[in-house]
Amino acid sequence: LTVLQGVFKAAKGDLTIEKVTEAVTEAEGLLKPEAEEKIPEQVRQFHAEFEDLIKTAGFDKLVVLIDDLDRCLPKTAIETLEAIRLFLFAPQTAFIIAADEAMIEYAVRQHFPDLPTVSGPMSYARYYLEKLIQVPFRIPALGYAETQTYIALLLSQAGLGEATEHFSKLLPHARQCLTQPWKAAVLDAATAKKALFGAADGNLPPEISHAITVSQQIARILTDGTKGNPRQIKRFLNSMFLRYDIAAARGFGAAIKQPVLAKVMLAESFNTNFYEQLTRATFSSSDGTVKELAGLEKSVRLVVQEKELAGDGSKEADEWAKNEWISTWAKCDPELADVDLRPYVFVTRDKRSYFGGAAGTSHLDPIVEALLGKDLAVRGVEPQLPKLSALEAEQVFDAVQSRILQTDDYSTRPAGLVALTKAKPALQRKLFTFLRDIPPPKVHGWVTTGFDKVIVDPTIKAEFEATIQKWVQGGQSPKLAAAVKMTSKKK
């Protein structure tokens, strides 16, 4: 304004376009926000003062450790990262950020919702991290030997206490096993005896002996199921301890053996469909034993020249033996064929989260809820289903199936499972298994229609049709028989 006023006063009636334009141009330079001008200078001054501070303090290098950033709310995580950006070019300074990469990318997407999803070959969230993180390092997953040693240590610590003499002697030897993981050294009984007694003899404390036994029994499947994630391994063990204590508090602790509980929990955590089948078989048995397990365990443990099943002749046992995960599970000690599983099923059938030990899957919860809803809700989420990865699709299927099995209500078509299988044909076998395992008296007429465009694999389709005929001929579902008769008339 001062510039413009000066122009008008000096002109005294001789006001030309050129003078006005010159005055406006000069005024635009003065109208630039003062704070905006000072920001680069302030950053430079900050770096200079920070460098002087490091020198004055006598530090050779300043290293700032930020752990569990992924546990913060998205807004807090981004604010922290933005604050770190001020120090990117500060001398003698380094930041080490420990966080789940996927969760930080999610925080970036939440903070910048209006940005396009991708930028060239990578997403904007990934691009943001690439610009910020100069030296990425991903912690390797634990292998079998490392997992076994880790489990044995955790169980020994829980049984003995961290401050005891025996655990203090055991710990450095266990660490020695981990210094060269490529040698696959494990914390076995011989190693433990050498740590405690200096030689491979002597009687181990029962807490350590038990810890080593359990760790050897469950390490293989726990390694595969958790993808070697130490946090998930510890969560599994904590959950096992808690359930054992609950059983003891409720008066049936004597009926629970930790190795058996661990094996049942492995099925619960990493193969929901098999766990539900095991649960139904347990409660269908008069004494709580599952006869199909006898054939399964015999078939996977039997060493023969020719491949053959030594099952009990049941179709379910044969199918279990063909499943790689279930076969590996069955090979683990202890054998369960003669064990009353009712106490174990009772203590594990709590209100579990949808996805057990899997991390970072909360974004799938809305899809699960929609697939459990009415037809309108299912149709609303259908466009998202083809975008799911194979693993995510299986997790959603298992979550929806688990909720249906808990309600034990099969009166209406599971529209969510049907829609998901239609979008992901690889789930046809899982859908068929779910339908086949419905108790015959509870089978309704909806199973006879609407599956021709969903179950299209010829082998599975033939099995499904044979199952329907078996239900009808068994005479246990009059509603189904009437529906089949009605369908035949229409044809």
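Scoring rules and cut-offs
Residues numbered from 1 in each chain as written. Predicted model: local features only at pLDDT ≥ 70, side-chain atom pairs only at ≥ 80, totals over all residues. Heavy atoms only, no water. Helix = DSSP H or I, 4+ residues; strand = E, 2+ residues; numbered from the N terminus. Buried < 20%, exposed > 50% of the residue type's maximum accessible area, 1.4 Å probe, protein only. Contact = heavy atoms within 4.5 Å. Areas by Shrake-Rupley, 256 points an atom, 1.4 Å probe, with all protein chains shown as cover. Core = buried A, V, L, I, M, F, W, Y, C linked by side-chain atoms within 4.5 Å. Salt bridge = Lys/Arg side-chain N within 4 Å of Asp/Glu carboxyl O. Arc of directions from axis to C-beta. Phe/Tyr/Trp six-rings, centres within 6.5 Å; stacked < 30°, edge-to-face > 60°. Lys NZ or Arg CZ within 6 Å of the ring centre and 35° of its normal. Axes fitted to C-alpha atoms, helices over the stretch in contact; angles between N-to-C directions. Parallel < 35°, antiparallel > 145°, perpendicular 65-115°, else oblique. Nonpolar A, V, L, I, M, F, W, Y, C, P; charged D, E, K, R; others polar. pLDDT = per-residue confidence, 0-100. Patch = residues over 30% accessible without salt bridge, like charges linked within 9 Å, V, L, I, M, F, W, Y side chains within 5 Å. Pairing = 2+ DSSP bridges. Right-handed = clockwise from strand over helix to strand, strands pointing away.

### Thoughts on the overall build of the protein
Secondary structure summary: the protein contains 24 helices and four strands in total. When each of the 491 residues of the protein is scored for burial, the buried share is 38%. Summarising the internal contacts of the protein: among those between residues at least 6 apart in sequence, 71% fall at separations of at least 24. Approximately 28,800 Å² of the protein is accessible, and the part contributed by carbon and sulfur atoms is 55%.

### Concerning the nonpolar core
Counting residues in hydrophobic clusters, the biggest one holds 44 residues, and the most contacted among them are Ile218, Leu237, Leu293, Trp329 and Leu341. Tallying contributions element by element places helix 12 (residues 258-270) first for this core, with seven residues. In contact with Leu293, not counting residues within four places along its chain, are Leu278, Trp320, Trp329, Leu336, Ala337 and Leu341. The next biggest cluster of nonpolar side chains, apart from the first, holds 38 residues, and it includes Val396, Tyr410, Leu435 and Val443.

### Observations concerning unusual backbone geometry
Glycine aside, the phi torsion of most residues is negative, and most peptide linkages are trans. A cis amide bond, omega 0°, links Asp333 with the succeeding residue Pro334. Inspection of the secondary structure puts Pro334 in the loop between helix 16 (324-331) and helix 17 (342-348). Residues other than glycine seldom take positive phi values, yet Asp68 does so here, at roughly 55°. Turning to its location among the elements, Asp68 is positioned in the loop between strand 1 (62-66) and helix 4 (74-85). Residue Asp68 is classed as partly exposed on the basis of its relative accessible area, which comes to 21%. Unlike most non-glycine residues, Gln92 shows phi in positive territory, near 60°. Mapped onto the elements of the fold, Gln92 is located in the loop between helix 4 and strand 2 (93-97).

### Observations regarding the pattern of salt bridges
As enumerated under the stated definition, the model contains 14 salt bridges in all. Of the charged contacts, one joins Arg71 and Asp68 as a salt bridge, the two residues approaching to 3.9 Å between their closest N and O atoms. You can call Arg71 exposed: its relative accessible area is 58%. Of the charged contacts, one joins Arg231 and Asp68 as a salt bridge, the two residues approaching to 3.3 Å between their closest N and O atoms. Here Arg231, found in helix 11 (residues 230-249), pairs with Asp68, found in the loop between strand 1 and helix 4; they are 163 residues apart in sequence, far enough to count as distant. Several salt bridges converge on common partners, so that one network encompasses Asp68, Arg71 and Arg231.

### Comments concerning helix 6 (residues 124-132)
Those residues of helix 6 not exposed but buried are Ala125, Tyr128, Leu129 and Leu132. The arc that holds every buried residue of helix 6, seen down its axis, measures 95°, which confines them to one face.

### Side note on the packing of aromatic side chains
Tallying each qualifying case throughout the model produces 10 aromatic pairs. Among the aromatic residues, ring-to-ring pairing joins Phe432, Trp446, Phe451 and Phe464 into one connected group. Across from the ring centre of Tyr144, 4.0 Å away, lies the NZ or CZ of Arg220, which sits over that ring. Between Lys263 and the ring centre of Trp329, over which it is positioned, the NZ or CZ distance is 4.8 Å.

### Observations regarding the environment of Val300
Summarising the element assignment, Val300 is placed in helix 14 (residues 291-301). If near-sequence neighbours (up to four positions away) are discounted, Val300 is found in contact with Ser327, Ala330 and Lys331.

### A few points about the packing of helix 20 (residues 390-407) against helix 22 (residues 428-436)
The geometry of helix 20 relative to helix 22 is characterised by a closest axis approach of 11 Å and an angle of 10° between their N-to-C directions. The orientation of helix 20 with respect to helix 22, classified from their angle, is roughly parallel. For the pair helix 20 and helix 22, contact is made by Glu394, Phe397, Asp398, Gln401, Ile404 and Leu405 and by Lys430, Leu431 and Phe434, respectively. Its residues placed into classes, the contact of helix 20 with helix 22 shows five nonpolar, one polar and three charged.

### A short note on the side chain of Lys430
Its location among the elements puts Lys430 in helix 22. A relative accessible area of 17% places Lys430 in the buried class. Residues within four places of Lys430 in sequence aside, it is in contact with Asn273, Glu394, Phe397, Asp398 and Gln401.

### Examining the confidence of the model for the protein
Across the protein, the average pLDDT comes to 79, with 80% of residues at 70 or higher. When mean pLDDT is taken per element in the protein, helix 21 (residues 415-423) scores highest with 93 and helix 1 (residues 2-11) scores lowest with 50. Contacts from residues 351-361, a stretch scored under 50 in pLDDT, to residues over four places away or in other chains number 25 contacts.

### Some details on the side chain of Ser156
Among the structural elements, Ser156 can be located in helix 7 (residues 144-160). Given a relative accessible area of 1%, Ser156 falls into the buried group. Setting aside anything within four residues of it in sequence, one finds Ser156 in contact with Gly161, Phe167, Leu170, Ile208 and Ala211.

### Some remarks on a nonpolar patch on the surface
Together, Val63, Leu65 and Ile96 line one region of the surface with nonpolar side chains, adding up to about 300 Å² of accessible area. Among the secondary structure elements, Val63 is positioned in strand 1. With a relative accessible area of 43%, Val63 lands in the partly exposed category.

### Notes on helix 21
Among the nine residues that make up helix 21, seven are buried, leaving the element largely enclosed by the rest of the structure. Considering only its buried residues, helix 21 is in contact with helix 18 (365-371), helix 19 (375-381), helix 20 and helix 22.

### Re the pairing of strand 2
Note that strand 1 and strand 2 share five bridges and pair parallel. Each residue of the ladder has a partner; that of Val64, found in strand 2, is Phe95. A crossover links strand 1 with its parallel partner strand 2, the connecting element being helix 4, and its sense is right-handed.

### Regarding the environment of Gln216
Within the secondary structure layout, Gln216 lies in helix 10 (residues 206-226). Sequence spacing of Gln216 and Asp188 is 28 residues, and the spatial spacing of their C-alpha atoms is 8.3 Å. Those residues within four positions of Gln216 in sequence are excluded, and the remaining contacts are Tyr144, Gln148 and Asp188.

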